[in-house]
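Examination of the molecular architecture
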Amino acid sequence: MTDAPKKLFIKTYGCQMNVYDSERMAEALGAKGYVTTEVAEEADMVLLNTCHIREKAAEKVYSDLGRLRPLKQAKPDLKIGVAGCVAQAEGEEILRRMPLVDLVVGPQSYHRLPEMVEAKGKVIDTDFPEEDKFEHLPERKTLKGPTAFLTVQEGCDKFCAFCVVPYTRGAEVSRPVGRLLTEARDLVSRGVREITLLGQNVNGYHGEGEGGAWGLARLLREMAGIEGLERLRYTTSHPNDMDDDLIAAHAELPQLMPYLHLPVQSGSDRILKAMNRKHTAAEYLHLIGRIRAARPDILLSSDFIVGFPGETEEDFEATMDLVRQVHFGQAFSFKYSARPGTPAAEKPELPAEVADARLYRLQALITEQQRAAQQAMVGREVGVLYEKTGRLPGQMVGKSDHLHAVHVTDPSGQVGELVRVRITASSTNSLAAERISA
Ligand code: 5AD
Ligand code: SF4
């Protein structure tokens with residue numbers, strides 16, 4: 001017997017929420033003597049933190065699990081776990097189809113992982129427990145750089161017709177204000193200068209605070225008062241939860257960065273209705289107008305689904321029109337894929353070629369807008385928070401206020417510094433800049 005630390009390999013699929021969850025799981029297992037490794041072959045435990053939102057997610061997980069078979073055969077003590085939304089959605093089916101799996105844990109049960117790894121035999125936990133998992137997860141020990149995510153809200157009550165999140169992540173739950181402020185202050189005391197508040201429906205935040213439930217705007221204002229916390233962001237939002245107070249916060253708070261991801265999914269009222277989005281294209285455009293009035297230089301991002309069941313050429317053109325009217329700084333677009341258990345999955349799908357052709361056209365338009373938005377930054381003065389050194393000597397890399405990746409020539413630059421730069425050039429995926437001396 002040796003008491004060498006056990007090694008944990010985590011593969012993370014999908015969203016930022018999962019990236020955050022993987023870090024917290026690694027910490028929870030750290031308390032049981034696990035250290036993380038980048039090499040699956042040397043692991044004592046392999047954890048797949050899965051995502052179920054698009055495409056053939058479950059099948060991909062099953063085929064990844066199949067690929068772990070030789071590893072398990074070579075090392076029978078190897079523990080294999082499935083976490084995340086596929087774990088939640090598939091549950092016992094995973095143990096049935098993949099006997100090599102030892103544990104299945106849903107997103108609401110991560111705090112139980114340390115007990116689960118010590119259990120003999122197979123374990124499964126996909127409950128939605130009453131207790132707050134965050135209260136039971138250890139404090140973060142490792143911080144990578146000056147930016148951090150902080151989950152303030154989980155779950156979603158919106159039930160868009162295509163989406164699994166309300167089923168896999170459950171109902172909206174907001175973490176209490178006091179805890180979040182403590183965590184934010186702790187992050188800042190350990191060098192964090194930018195915090196992104198995370199939630200599946202983050203602007204629906206309604207956490208318990210002084211005098212009752214606080215909305216996201218009030219939480220942001222309070223966080224903006226934390227000394228040393230220079231930048232705040234939040235994601236992902238629903239248009240119907242962008243209230244006046246939150247829009248006002250964009251005008252008021254210099255710490256709140258001029259970037260907003262606000263998914264619209266479609267520009268056709270008929271499709272928006274079928275998607276159960278509960279707003280029209282005109283209402284979205286009106287909202288964008290109000291947000292831009294509050295913060296004129298805000299860069300907007302969105303999500304789109306093309307090929308939703310019943311989408312006609314005219315519906316798709318309405319989406320293209322909406323994009324032409326908004327001028328997004330960037331956007332994600334996806335081909336619709338049926339998620340079992342969602343209402344849209346009952347409806348007949350469009351031919352794949354039709355959806356593919358539309359996706360291609362939409363992405364071309366979005367790319368054009370993204371290039372234009374980047375190009376428009378050239379010559380401007382913006383803030384950049386250095387996250388790491390660049391590949392070239394004397395180069396620093398960070399994100400601008402508008403979330404563009406920026407390469408700055410700055411031989412004396414330090415990771416964690418927030419500097420003013422002038423943008424000198426735009427390339428495909430990043431901007432180049434020079435530091436403006438103080
Ligand atoms: N098919 C395609 N895209 C989807 N999304 C969510 N569910 C589906 C689906 N079934 C997209 C939405 C959402 C983003 C996170 O993923 O655009 O905003
Ligand atoms: Fe899914 Fe977002 Fe709709 Fe909620 S608001 S159901 S997370 S797409």
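Our subject is the structure that appears above.
Nothing here was measured: the structure is a model prediction, and the numbers come from that model. (Residues numbered from 1 in each chain as written. Chains lettered and ligands numbered in written order. Predicted model: local features only at pLDDT ≥ 70, side-chain atom pairs only at ≥ 80, totals over all residues. Heavy atoms only, no water.)

1. Observations regarding the overall build of the protein chain
A tally of regular secondary structure across the protein chain gives 15 helices and 21 strands. A globule of 438 residues ought to have a C-alpha radius of gyration of about 22 Å, and the protein chain, at 23 Å, matches this closely. Expressed as lengths along the three principal axes of its C-alpha atoms, the size of the protein chain is roughly 65 × 55 × 50 Å. Burial analysis of the protein chain (438 residues in total) assigns 54% to the buried set. For the protein chain, the proportion of contacts with a sequence separation of at least 24, taken over those separated by at least 6, is 71%. Here the protein chain displays about 19,600 Å² of accessible surface, and carbon together with sulfur accounts for 52% of that area. (Helix = DSSP H or I, 4+ residues; strand = E, 2+ residues; numbered from the N terminus. Rg over C-alpha atoms; globule rule 2.2 N^0.38 Å. Buried < 20%, exposed > 50% of the residue type's maximum accessible area, 1.4 Å probe, protein only. Contact = heavy atoms within 4.5 Å. Areas by Shrake-Rupley, 256 points an atom, 1.4 Å probe, with all protein chains shown as cover.)

2. Comments concerning the side chain of Lys-158
Along the polypeptide, Lys-158 turns up in the loop between β8 (153–154) and α8 (165–168). At 2.8 Å, the side chain of Lys-158 and the side chain of Asp-241 are in polar contact. Excluding anything up to four places from it in sequence, Lys-158 contacts Asn-201, His-238, Asp-241, Asn-276 and Lys-278. (Polar contact = N/O pair within 3.5 Å; in protein donor to acceptor, adjacent residues only side chain to side chain.)

3. Describing the packing of helix α13 (residues 281–294) against helix α14 (residues 313–326)
Geometrically, a packed helix pair is captured by the angle between its two axes and the distance between the axes. One can describe the packing of α13 onto α14 by two numbers: an axis separation of 11 Å at closest approach and a directional angle of 10°. As summarised for this structure, α13 and α14 are arranged roughly parallel, according to the angle between their axes. Contacts between α13 and α14 pair Ala-281, Tyr-284, Leu-285, Ile-288 and Arg-292 from the former with Leu-322, Gln-325 and Val-326 from the latter. In terms of residue class, the contact of α13 with α14 is made up of six nonpolar, one polar and one charged. (Axes fitted to C-alpha atoms, helices over the stretch in contact; angles between N-to-C directions. Parallel < 35°, antiparallel > 145°, perpendicular 65-115°, else oblique. Nonpolar A, V, L, I, M, F, W, Y, C, P; charged D, E, K, R; others polar.)

4. A word on the site of ligand 2
Taken together, Cys-156, Lys-158, Phe-159, Cys-160, Phe-162, Cys-163, Val-165, Pro-166, His-238 and Arg-277 are the residues near ligand 2. Residues belonging to the shell around ligand 2 are distributed by class as follows: seven nonpolar, one polar and two charged. (Near = heavy atom within 4 Å.)

5. Considerations on helix α10 (residues 216–224)
Within α10, burial applies to Leu-216, Ala-217, Leu-219, Leu-220, Met-223 and Ala-224. Considered in projection along α10, the buried side chains sweep an arc of 160° and stay on one side of the axis. Buried residues along α10 sit in contact with β7 (147–151), α9 (177–189), β10 (194–198), β12 (212–214), β13 (231–235) and α11 (244–252). (Arc of directions from axis to C-beta.)

6. A closer look at the side chain of Ser-301
Relative to the elements of secondary structure, Ser-301 occurs in strand β15 (residues 299–306). Among the polar contacts made by the side chain of Ser-301, one reaches the side chain of Gln-330 at a distance of 3.1 Å.

7. A closer look at the nonpolar core
Leu-197, Met-223 and Tyr-234 are the most contacted members of the largest nonpolar core, which totals 61 residues. Residues Val-46, Leu-48, Ala-87 and Leu-95 belong to the second largest nonpolar core, which totals 25 residues. (Core = buried A, V, L, I, M, F, W, Y, C linked by side-chain atoms within 4.5 Å.)

8. Details of the site of ligand 1
Neighbouring ligand 1 are Ile-53, Arg-54, Phe-162, Gln-265, Asp-303, Ile-305, Phe-334, Lys-335, Tyr-336, Ser-337 and Arg-339. Note that a nitrogen atom of ligand 1 is positioned 3.4 Å from one of the backbone N or O atoms of Ile-53. Ser-337 is positioned such that a nitrogen or oxygen atom in its backbone is 2.7 Å from a nitrogen atom of ligand 1. For ligand 1, whose accessible area on its own is 400 Å², the fraction buried by protein is 88%. Listing elements by their share of the shell around ligand 1, those giving two or more residues are β15 and β16 (330–335). In terms of residue class, the shell around ligand 1 is made up of five nonpolar, two polar and four charged.

9. Quick word on the environment of Leu-143
Tracing the backbone shows Leu-143 in the loop between α7 (133–136) and β7. A C-alpha to C-alpha distance of 8.5 Å links Leu-143 and Leu-187, two positions 44 residues apart in sequence. Those residues in contact with Leu-143 that sit more than four places away from it in its chain are Leu-187, Arg-190 and Val-192.

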